[in-house]
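# Fold and geometry: a report
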Amino acid sequence: MILYAAIIASFLSSLYLFHRRRSCKHPLLFDYPILGMLPTLLFNLWRLHDFITEILTKHGGTGEFMGPWFTKMNYLVTCDSLNVQHMLCKRFDNYVKGHDFRDIFEPFGDGFGAADDETWKYIRNLLRSQMKQPRLKAFVDQTVQKKILTSLLPILDHAQQQGRVVDIQDVLVRFTSDNICLTTVGHDPKSLSVDFPEVAIEMAFRETEKSIFYRHTVPKTIWKLQKRLQIGQEKKMREAYKTFDEFIYALIASKREELSKCTKEEISEAPFNLLTVWMTEDEGLREHDDKFVRDSAFNFLVAGRGAMASTLTWFLWLVSKHPLVEAKILEEIRDNFKTNEKKNDDCGDHCFDEDHHNDNLDQEQYLKQSASGEALGMEEVTKLVYLHGALCEEIWGKDCLEFKPERWISDRGEIVYAPAYKFIAFNAGPRICLGKDLAFVQMKMVAAAILSKYCFKVVEGHVPTPTHSIVLLMKNGLKARIMKREV
Ligand code: HEM
């Protein structure tokens, strides 16, 4: 009996394997029985991004990944810009996010990040008109400048005076999180403080992102079972979810109460935040109930959080490795704004590390004292074309491993246009990022403020690798010593 069962099983398995291999026209890897292409991927997990780049190059930019049998973990993988254009622009309607996506991205609810069709169109139109409002830009401009002067620079100064190694990425994540929280819900979690506190909602976001990534890596049946039993990463996801919901629903309730006591004029004069806008603006189409406001807030916080911090981290790391680029960025700032900094080519020559450590400083007082000076505003940083090019310079062109901001600048001194389906960082087509311009000006404000005052020595032996997550932050952060730039 056992022998017959084994013979039938191996016959059926061979048939299934034959069928799988026939239907997979462009296999990226060898398809093993039962485990599919997973073993090769797992074997290369430690260098996942380089590995995917290599195999895609080998297969002309597109191919199929077949997961373990019966797990529905089969993917078409592409980096071919024509495929990207087809999917995101030309045939956008054929490539919806879909039910499975919404299942995995459960915390996004019905927000723009996971919605399709009419729901998505409604939210996109609403957000597009809100994000064009001068009130939003003015608020972001003011908030970012204030945060730079009262938190970011004083904290870097403090770390420099103490001579300690700082995780620049952590500083930037905290900075962007506080800012987007202020813009979205009008609340400053103050995660960027000298003692680097653990802020519950920030931790909840990190855990949620981890869990969503985890759901991409295991068969649906497994994470669904874990969810039902409330074990492992799914348990953490539930707790994170709860932390965020408690925070946001409490905020919505108190805001509704506050708004019920205000006149229209008082509301329009109150400090700006999107939560208030969503609760008070009546589009006449849809009720903005608590769930709508919760989902919109969650999605907006995710959209504006990690990506800017990640871009700035990789940017600062690249700049620290390319003193000539650094010198050109400083020259551009100096030429435009006539600061009195010296021109230098080598970080070692123009940075100094003050030797007096100031451990006993009263931190509150210190932050107040340091909050002097000025940071460049949104209007001003638009002049910084070279800096813009340096921020775009990711992975681009045939010589993409060279860091060459110059390639982004035309003969007329303007930024070279690249179609979004080729320069895909902000997505393309109807779903293109609504915050792209706002993100660039903020990143330029932060980069100009930091680089005008400080330079970094990345700790020896630091190997920067991207995390395995949706936003490519740096695994192990960016640990560096900070030095004041000589003026
Ligand atoms: C370097 C920074 C940023 C990058 C790389 C980036 C990238 C992206 C990407 C790839 C998408 C498409 C997501 C998807 O449909 O799955 C997106 C959408 C979006 N982003 Fe950004 N983003 C950045 C900053 C921001 C900021 C600061 C804001 C808000 C202030 C923002 C607001 C949005 C919104 C509202 C959408 C949704 C568009 C839609 O679904 O129609 N983004 N972004």
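Quick notes on the rules
- Residues numbered from 1 in each chain as written.
- Predicted model: local features only at pLDDT ≥ 70, side-chain atom pairs only at ≥ 80, totals over all residues.
- Heavy atoms only, no water.
- UniProt positions renumbered as here; feature names shortened; annotations may be inferred.
- Helix = DSSP H or I, 4+ residues; strand = E, 2+ residues; numbered from the N terminus.
- Rg over C-alpha atoms; globule rule 2.2 N^0.38 Å.
- Buried < 20%, exposed > 50% of the residue type's maximum accessible area, 1.4 Å probe, protein only.
- Contact = heavy atoms within 4.5 Å.
- Areas by Shrake-Rupley, 256 points an atom, 1.4 Å probe, with all protein chains shown as cover.
- Lys, Arg positive; Asp, Glu negative; His and termini not counted.
- Charge placed at Lys NZ, Arg CZ, Asp CG, Glu CD.
- Salt bridge = Lys/Arg side-chain N within 4 Å of Asp/Glu carboxyl O.
- Expected span 1.5 Å × (residues − 1).
- Near = heavy atom within 4 Å.
- Polar contact = N/O pair within 3.5 Å; in protein donor to acceptor, adjacent residues only side chain to side chain.
- Nonpolar A, V, L, I, M, F, W, Y, C, P; charged D, E, K, R; others polar.
- Phe/Tyr/Trp six-rings, centres within 6.5 Å; stacked < 30°, edge-to-face > 60°.
- Lys NZ or Arg CZ within 6 Å of the ring centre and 35° of its normal.
- Pairing = 2+ DSSP bridges.
- Axes fitted to C-alpha atoms, helices over the stretch in contact; angles between N-to-C directions.
- Parallel < 35°, antiparallel > 145°, perpendicular 65-115°, else oblique.
- Disulfide = S-S within 2.5 Å.
- Domains from an automatic or database assignment.

Where an unreviewed UniProt entry is consulted, the chain appears under the name Alkane hydroxylase MAH1-like, with the organism given as Vigna radiata var. radiata. For the chain, the Cofactor (unreviewed entry) comment in UniProt is given as "heme".

This brings us to the overall build of the chain. Counting its regular elements, the chain contains 20 helices and six strands. Over its C-alpha atoms the chain spans a radius of gyration of 25 Å, differing by no more than 12% from the 23 Å that the globule rule assigns to 487 residues. Its C-alpha atoms put the chain at 85 × 60 × 50 Å along the principal axes. Counting all 487 residues of the chain, 47% fall into the buried class. Considering only residue pairs separated by 6 or more positions, the chain has 71% of its internal contacts joining residues 24 or more positions apart. Carbon and sulfur atoms form 57% of the exposed surface of the chain, whose accessible area is close to 26300 Å². Across the chain, the centroid of the 64 positively charged side chains sits 6 Å from that of the 67 negatively charged ones.

Let us look at the pattern of salt bridges. Considering all chains together, one arrives at 31 salt bridges under this definition. Across the pair Arg215 and Glu106 runs a salt bridge, and its minimum N-O distance is 2.9 Å. Residue Arg215 is located in helix α9 (residues 200–217), and its partner Glu106 is located in the loop between α5 (98–104) and α6 (117–131); the two are separated by 109 residues in the primary sequence. Note that Arg305 is salt-bridged to Glu209, the shortest N-O span being 3.0 Å. Taken together, the positions of Arg305 in helix α14 (residues 290–321) and Glu209 in helix α9 put the pair 96 residues apart, joining distant regions of the chain. In this structure Arg305 comes out as buried when scored by relative accessible area, which is 4%. Through salt bridges with shared partners, a single network forms among Asp170, Arg174, Glu202, Arg206, Glu209 and Arg305.

Take helix α20 (residues 436–453) next. The end-to-end C-alpha separation of α20 is 26 Å, in line with the 26 Å expected for 18 residues at 1.5 Å each. Among the 18 residues in α20, 15 count as buried, and that is most of the element.

Before going further, it helps to spend a moment on the site of the ligand. Every one of the 23 residues lining the ligand counts as a neighbour, but Lys97, Phe112, Trp120, Arg124 and Cys433 are closest to it. One of the side-chain nitrogen or oxygen atoms of Lys97 is found 2.4 Å away from an oxygen atom of the ligand. In the model, an oxygen atom of the ligand is placed 2.9 Å from a nitrogen or oxygen of the Trp120 side chain. Elements with a minimum of two residues in the shell around the ligand: α6, α14 and α20. When grouped by side-chain class, the residues that make up the shell around the ligand number 16 nonpolar, four polar and three charged.

Overall, the coordinates contain 22 aromatic pairs when judged by the stated rule. The interplanar angle of 80° and the centroid separation of 5.2 Å between the aromatic rings of Phe105 and Phe108 together place this pair among those described as edge-to-face. Residue class for Phe105 comes out buried when judged on its relative accessible area of 9%. Under the relative-accessibility criterion, Phe108 is labelled buried at 9%. With a centroid separation of 5.3 Å and 25° between ring planes, the pair formed by Phe205 and Phe298 is classed as stacked. Of this pair, Phe205 sits in helix α9 while Phe298 sits in helix α14, and the two are 93 residues apart along the sequence. The pair Phe205 / Phe298 is uniform in exposure class, with both members buried. Here the aromatic cluster, defined as three or more aromatic residues joined through ring pairs, consists of Phe101, Phe105, Phe108, Phe205, Phe244, Phe247 and Phe298. The ring of Trp46 carries the charged tip of Arg47 above its face, separated from the ring centre by 5.9 Å.

This part is about the UniProt feature "binding site: heme" (unreviewed entry) in the chain. UniProt annotation of "binding site: heme" (unreviewed entry) refers to Cys433 when read in the numbering used here. For Cys433, the position within the fold is in the loop between α19 (385–392) and α20. Those residues in contact with Cys433 that lie beyond four places of it in its chain are Phe426 and Asn427.

Attention now goes to the pairing of strand β6 (residues 479–485). Regular strands place side chains that alternate from one sheet face to the opposite one. Across three bridges, strand β3 (residues 165–167) lies against β6 in antiparallel orientation. Paired with Val165 across the bridge in β6 is Arg481. Where strand β5 (residues 454–458) and β6 come together, five bridges link them in antiparallel fashion. Each residue of the ladder has a partner; that of Cys455, found in β6, is Met483.

Our next topic: the packing of α19 against α20. Following both chains from N to C, one finds α19 and α20 inclined at 105°, their axes separated by 10 Å at the closest point. By the angle between their directions, the pair α19 and α20 is classed as roughly perpendicular. Touching Leu387, His388, Leu391 and Cys392 of α19 are Phe440, Met443, Lys444, Ala447 and Ala448, all from α20. Among the residues forming the contact of α19 with α20, the class breakdown is seven nonpolar, one polar and one charged.

What follows deals with the state of the cysteines. Counted according to the given criterion, the structure contains zero disulfides. Unpaired in this structure, Cys89 has its nearest cysteine sulfur neighbour in Cys433, at a distance of 15 Å. What makes Cys89 partly exposed here is its relative accessible area of 29%.

A separate point is the domain arrangement of the chain. In many analyses, interface size is given as the accessible surface area lost on bringing the parts together. Along its sequence, the chain is organised into domain 1 (2–79) and domain 2 (124–485). Summarising the inter-unit geometry, the C-alpha centres of domain 1 and domain 2 are found 38 Å apart. Counting residues at the interface gives six residues for domain 1, matched by eight residues for domain 2. Between domain 1 and domain 2 we count zero salt bridges in total. Put simply, domain 1 and domain 2 have one residue pair in polar contact (both at pLDDT 80 or more) between them. A class-by-class count of the residues in the side of domain 1 that touches domain 2 yields four nonpolar, two polar and no charged.

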